[in-house]
There are 2 protein chains.
Amino acid sequence: MPRLRIALAQTNSTVGDLDGNAARVAEWTLRAAEQGAALVVFPEMMLTGYPVEDLALRTSFVDASIAALAATAQRLDADGLGGIAVVTGYLGRRTGLPPRVGLPAGAPLDAAALLHDGQVVVTTAKHHLPNYGVFDEYRYFVPGDRLPVVRLPCPAPGSPGDAVDMAIAICEDLWQDGGPVAVCRQAGAGLLVVPNASPYERGKSDARLELCARRAREAGATLAYVNMMAGQDELVFDGDSIIVDSAGRLLARGPQFEETLLVADLDLPPADPALAPGETPADAHDGTTITIHRLTLPALEPLPADPGQAPGVTWPRLSDPAEIYSALVTGVRDYVLKNGFGSVILGLSGGIDSALTATIAADAIGADRVHVVLMPSRHSSGHSVTDAEDLAKRQGLHARTVPIDRMVDAYEAELDLRGLAAENLQARIRGMILMALSNSEGHLVLTTGNKSELATGYSTLYGDSAGGFGPIKDVLKTVVWELARWRNGQAARRGETPPIPENSITKPPSAELAPGQLDSDSLPDYAVLDAVLGDYVERDMGAGALVAAGHDPALVDRVIQLVDRAEYKRRQYPPGPKITSRNFGRDRRLPITNRWREPHPAEPAG
Amino acid sequence: MPRLRIALAQTNSTVGDLDGNAARVAEWTLRAAEQGAALVVFPEMMLTGYPVEDLALRTSFVDASIAALAATAQRLDADGLGGIAVVTGYLGRRTGLPPRVGLPAGAPLDAAALLHDGQVVVTTAKHHLPNYGVFDEYRYFVPGDRLPVVRLPCPAPGSPGDAVDMAIAICEDLWQDGGPVAVCRQAGAGLLVVPNASPYERGKSDARLELCARRAREAGATLAYVNMMAGQDELVFDGDSIIVDSAGRLLARGPQFEETLLVADLDLPPADPALAPGETPADAHDGTTITIHRLTLPALEPLPADPGQAPGVTWPRLSDPAEIYSALVTGVRDYVLKNGFGSVILGLSGGIDSALTATIAADAIGADRVHVVLMPSRHSSGHSVTDAEDLAKRQGLHARTVPIDRMVDAYEAELDLRGLAAENLQARIRGMILMALSNSEGHLVLTTGNKSELATGYSTLYGDSAGGFGPIKDVLKTVVWELARWRNGQAARRGETPPIPENSITKPPSAELAPGQLDSDSLPDYAVLDAVLGDYVERDMGAGALVAAGHDPALVDRVIQLVDRAEYKRRQYPPGPKITSRNFGRDRRLPITNRWREPHPAEPAG
């Protein structure tokens, strides 16, 4: 059986940074070469980053991506790496199609190419275009209609005459039935490589493994799935690359939330010499025809392997809180650094939300780049200050105090503010102080609101919602506590000081905008609230379904009203990392002007 | 030739308000009946409003829409209007399809139905789903695959045995080649009715007339196009309903930005008695098959016509500034009223942006519901106060003054702020005052920024960008001036006091955040800037194309940099009415984290 050493480059790509991304392809191909790999596979849209959104419609950008692909092939060859087969994603173009409204004349493609010997040997494009959740790919791309099957003369010294057939499909082509993957068995490919840019969602890695195993069995091929490892605005790509054999058995698996080269030796069936190069149309079982495009590479010439690393590693999986926490850290780090910020600033209230946000930031970019501001008012409790000071001290954050009473007084001298207006005033003064310090000193302001608050509108527009990035925007309050406990436990297990003061975790939550105020004055108990929010927001259940699922009808009514009325606030909220199946961002698109009220749970619909 | 009296109900529908929209169908059908119409056509998605966005994915909402449709048919019959044929849009469902990721089991349809005699006689659905610009219809709907052709026994007294064949298509089906409209001629329909929810864009009404005329000729049928008249978040539907005969000649046309019943007597070819009811598949010339679904209604029974109104009116077209201004007024009015606000509040600086915004608001909801706040600082010029006072007095707005120096001092006592930080502080204090008054008194805050500022980031986050709705968000600065002059001219033509002080129009623009500051210190001349913005933002030209179009290379470079860097600010900006082909909203979707820099105009791409 021929043996092929493959390297999956689970790398970090930056949207729009064609030069940087191309350099990374060269750098990681060299690293793969040093480990003796004959084939290196990069993620979907590696050269452009993902998602590029409306940049896909910009002719200059598509031109530059295609030019970068050709330049990368030449550069690899010039670097002495031309003998290695490299598969990478890029933004491509298809000409000759009838015009489609909204697309430029050369229709954009979510493409992948095989580079070898200084050439772009073959290209293909994603066939299934996701257009749900956060994805809008019908807006940008036309579908691919082929499956390249490339014969790779096997480089193993023990089997000189052998070759293997490798097919290429892209991301969503794995998730949906029919299309290129459906014709893979018929094409006789022994290996299917799949570049991905698959965003993290809680629990998704289990679904990925199951999916890869199922598709490998369907295709009768070893399947090598490589995923990007990066944060991009609201999305976090978690790596978690996977290799399974044709029986669906796991052969190797990359880490979550770490850049890695996943190297493995694959024993693959020899290519059938009767299958000649050429094009064969095949029924793709989704109403379309996929052309199997068969071609042969000249011999691969891998470099001699550095015997240091044993290929075929399977990294351990992270626990549920560990993977969520890592996603948040990755999202914050990449947002801060890729946008050119050297530091962040946030308000510290002594409560759990700002404590967790500060801890995530310190883990993401280092405590010395995290600035915190205590902004006490006459309603602030003693523990709000001491807990915040304790947190800053435990982690070595840059802390300062700016009392707000003087500013409150200045507004109240001009305006007669009571109740909600007076409460919001305090939150907005704090937001303004952070923005002023950001303007003066160049920090990115982090917003500390959680998903339960964002859902119910329990936050002040331009107040606690002010900022450039919201690390825990997609984290329900109950999960905020869980993550804080997990992070402290992790520190304890490592023999380190737990970063978060215990009192911030255990005390009853309060906005401290009025005397003796508690969240529980305005909101249901968070455990009960979050259960309804999970079903209403993340599972899109209507009122009837929520009651049928066992939630209290009056509570359902109240929560739906709160969520629906707060849509306008969410529109002006900064982005933050998505960790659930439905975040408040491009995942959930509702009108602000909306008179629909879910039928009262006691009444039938209609 | 049979004659049919048709009424196009160019009405205002509200998203989610099924009861209110259904009541409006009943009310307007009665009005049409009083004018002797035998057929009434309502806009696309009339019963649900448009666009419903992710409400389409909510099973409870689709259930309610379908129930509302049946109830409407019954109600019309109960009201004695069962003898009239009524075509209306609604949110429907198609069962039995294979599951599609992201859609509920019963796939949503952008549907239309014919109601008669208390029954839903036939339904159909939009075939071409727009998924570009502001549209995301692949996300929500599955395509329709039929063309209903309904035989309407002609009710004209002079031709008792006659009947006409009426086909139904929906909105985008008119804009794209192939599909239901392509089989209309083959189906032998003498009349094609087309419900629409077509958003206003500057100059679009010319395109609509040309399109209707072309499709009518292709179909060989009289074409009756009815469009919604409503504001919905960022979209404004401008009415402008059109009837053209089979030679493409205009027969009648509704007004822009006014609700109207457009009534016309149509002389139509008699239906071919050889064409029997049933279903016939036809090649739709877009790679799909459309089933022609032919059926016959029992006799229509229109009510006797009130002889008051002569049918077949063609309203005059508005001038370019008049139609833009009307779009802004409509957008503001519907956003304010449909969201339940009784009043608005905004800051008045004496400059043209806030002056125009206040004038639009007063025209939209009445001067007595418009509150303005003068917020002078030590940098405010004398004319900033006098011009603002003059404007408030001319229009009878509720004006008050809240000086900001005391608040500025309170911040500066705690923080050492200079330069941009000190400038932004003033803008944010003003934003906070407006938000505090909104919280206290219940007004909606209007944001006064124009598109040139929003494009270049020449605004302060949480400062002048604070608010719930931005009336001139999609209006370039040069157009702001043009609209102000036009509005004053309109007043003069009517013998009224021009609402805007001349000095606000003619003085050089300044943010007045620093001594002697002028916009021209930071930005190119607006005439030059707006020309580049039009090409870069609205026409999506890259740097090379901009220079080729004659823009100065250095200016192009600078403007692109300003626009690209301000993306994060735009994400937190409130919605505002779209008037161009590319607004800063769902029309233009770019990543915040984005290292792509258009190649310098002097250099070749790549």
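Residues numbered from 1 in each chain as written. Chains lettered and ligands numbered in written order. Predicted model: local features only at pLDDT ≥ 70, side-chain atom pairs only at ≥ 80, totals over all residues. Heavy atoms only, no water.

Looking at the overall build of chain A
(1) Moving on: Scanning chain A from N- to C-terminus turns up 19 helices and 20 strands.
(2) Moving on: The C-alpha atoms of chain A give a radius of gyration of 27 Å, which matches the 25 Å a tight globule of 606 residues would have.
(3) Moving on: Principal-axis analysis of the C-alpha atoms gives chain A an extent of 85 × 60 × 45 Å.
(4) Moving on: In chain A, which comprises 606 residues, the proportion classed as buried is 64%.
(5) Moving on: Partitioning the contacts of chain A with sequence separation of at least 6, the portion at a separation of at least 24 is 75%.
(6) Moving on: Surface accessibility of chain A: about 19900 Å² in total, with carbon and sulfur atoms responsible for 51%.
(7) Moving on: Positive and negative charge centroids in chain A, built from 56 and 76 side chains respectively, lie 2 Å apart. (Helix = DSSP H or I, 4+ residues; strand = E, 2+ residues; numbered from the N terminus. Rg over C-alpha atoms; globule rule 2.2 N^0.38 Å. Buried < 20%, exposed > 50% of the residue type's maximum accessible area, 1.4 Å probe, protein only. Contact = heavy atoms within 4.5 Å. Areas by Shrake-Rupley, 256 points an atom, 1.4 Å probe, with all protein chains shown as cover. Lys, Arg positive; Asp, Glu negative; His and termini not counted. Charge placed at Lys NZ, Arg CZ, Asp CG, Glu CD.)

Some points on the interface of chain B and chain A
Many descriptions give the size of an interface as the accessible area lost when the pieces come together.
(1) Moving on: With 83 residues of chain B at the interface, the matching set in chain A holds 83 residues.
(2) Moving on: Linking chain B with chain A are eight salt bridges, by the criterion used here.
(3) Moving on: Measuring nitrogen to oxygen at the nearest pair gives 2.9 Å for the salt bridge that ties Arg 58 of chain B to Glu 598 of chain A.
(4) Moving on: Counting across the interface, chain B meets chain A through 39 residue pairs in polar contact (both at pLDDT 80 or more).
(5) Moving on: Mapped by element, the contributors of at least two residues to the side of chain B that touches chain A are helix H2 (59–78), helix H3 (137–140), helix H7 (320–338), helix H10 (405–414) and helix H11 (419–441) of chain B.
(6) Moving on: By residue class, the composition of the side of chain B that touches chain A is 43 nonpolar, 20 polar and 20 charged. (Salt bridge = Lys/Arg side-chain N within 4 Å of Asp/Glu carboxyl O. Polar contact = N/O pair within 3.5 Å; in protein donor to acceptor, adjacent residues only side chain to side chain. Nonpolar A, V, L, I, M, F, W, Y, C, P; charged D, E, K, R; others polar.)

Here's the deal with the relation of the copies chain B and chain A
Think of it as a corkscrew move, a rotation about one axis and a shift along it, taking one chain copy to the other.
(1) Moving on: With an RMSD of 0.0 Å, chain B superimposes on chain A once it is rotated by 180 degrees and translated 0.0 Å along the axis. What we have between these two chains is a two-fold relation. Relative to the rotation axis, the C-alpha of Gln 572 of chain B is the closest in chain B, positioned 2.0 Å from it.
(2) Moving on: Mapped onto chain A, 100% of the interface residues of chain B are again interface residues, and the two copies thus contact each other with one and the same surface. (Least-squares fit on C-alpha atoms with pLDDT ≥ 70 in both.)

Notes on helix H13 (residues 477–493) of chain A
All names here are of chain A.
(1) Moving on: With 17 residues, H13 extends 24 Å between its outermost C-alpha atoms, agreeing within 8% with the 24 Å of an ideal straight helix rising 1.5 Å per residue.
(2) Moving on: Three or more residues of H13 are buried, namely Lys 477, Val 479, Val 480, Trp 481, Leu 483, Ala 484, Trp 486, Arg 487, Asn 488, Gln 490 and Ala 491.
(3) Moving on: As for H13, its buried residues are in contact with helix H7 (320–338), helix H8 (352–365), helix H12 (451–456), helix H14 (502–506) and helix H16 (526–538).
(4) Moving on: Gly 495 sits one or two positions beyond H13 and adopts a positive phi of about 75 degrees. (Expected span 1.5 Å × (residues − 1).)

Describing a negative patch on the surface
(1) Moving on: Together, Asp 77, Asp 79, Asp 117 and Glu 301 of chain A make up a region of like negative charge exposed at the surface.
(2) Moving on: Within the element layout of this structure, Asp 79 of chain A appears in the loop between helix H2 (59–78) and strand S3 (85–94). (Patch = residues over 30% accessible without salt bridge, like charges linked within 9 Å, V, L, I, M, F, W, Y side chains within 5 Å.)

Focus on the state of the cysteines
(1) Moving on: Inspection of the entire model under this criterion finds zero disulfides over all chains.
(2) Moving on: Note on Cys 171 of chain A: no disulfide assigned, nearest cysteine sulfur contributed by Cys 212 of chain A at a separation of 10 Å.
(3) Moving on: The thiol of Cys 184 of chain B is unpaired, and the distance to the nearest cysteine sulfur, on Cys 212 of chain B, comes to 13 Å.
(4) Moving on: In this structure Cys 184 of chain B comes out as buried when scored by relative accessible area, which is 0%. (Disulfide = S-S within 2.5 Å.)

Focus on the pairing of strand S17 (residues 344–347) of chain B
On any regular strand, side chains alternate: one points to one face of the sheet, the next to the other face.
Residues and elements named next belong to chain B.
(1) Moving on: Burial of S17 is two-sided: the residues Val 344 and Leu 346 facing one way and the residues Ile 345 and Gly 347 facing the other way are all buried.
(2) Moving on: Summarising the sheet, S17 and strand S18 (residues 370–374) pair through four bridges and their orientation is parallel. Residue pairing for S18: Gly 347 is matched across the bridge by Val 373.
(3) Moving on: For the crossover from S17 across helix H8 (residues 352–365) to S18, the handedness is right-handed.
(4) Moving on: Pairing of S17 with strand S20 (residues 444–445), which is carried by two bridges, proceeds in the parallel orientation. Each residue of the ladder has a partner; that of Ile 345, found in S20, is Val 445. (Pairing = 2+ DSSP bridges. Right-handed = clockwise from strand over helix to strand, strands pointing away.)

Observations regarding the sheet that holds strand S9 (residues 222–227) of chain B
One key point about sheets: their strands pair by backbone hydrogen bonds, in either a parallel or an antiparallel sense.
Residues and elements named next belong to chain B.
(1) Moving on: Pairing within the open sheet is mixed, and its eight strands lie in the order S13-S12-S9-S8-S7-S6-S16-S15. At either end of the open sheet lies a strand with only one pairing partner, and these are strand S13 (250–253) and strand S15 (278–283). On average, each strand axis in the sheet is inclined to that of its neighbour by 20 degrees, with strand direction left out of account.
(2) Moving on: Sheet topology places S15 next to strand S16 (residues 289–296); six bridges connect them, and they run antiparallel. Its bridge partner being in S16, Glu 279 is matched across the sheet by His 293.
(3) Moving on: Strand contacts of helix H6 (residues 204–219): S9, strand S12 (242–244) and S13, with the helix running at about 35 degrees to S12, the strand carrying the most contacts. (Axes fitted to C-alpha atoms, helices over the stretch in contact; angles between N-to-C directions.)

Describing the environment of Thr 222 of chain A
Residue and element names in this part refer to chain A.
(1) Moving on: As for its placement among the helices and strands, Thr 222 is situated in strand S9 (residues 222–227).
(2) Moving on: Given the relative accessible area of 5%, Thr 222 is considered buried.
(3) Moving on: Beyond its immediate stretch of four places on either side in the chain, Thr 222 contacts Gly 190, Leu 191, Leu 192, Ile 243, Val 244, Asp 245, Ser 246, Leu 251, Leu 266 and Leu 268.

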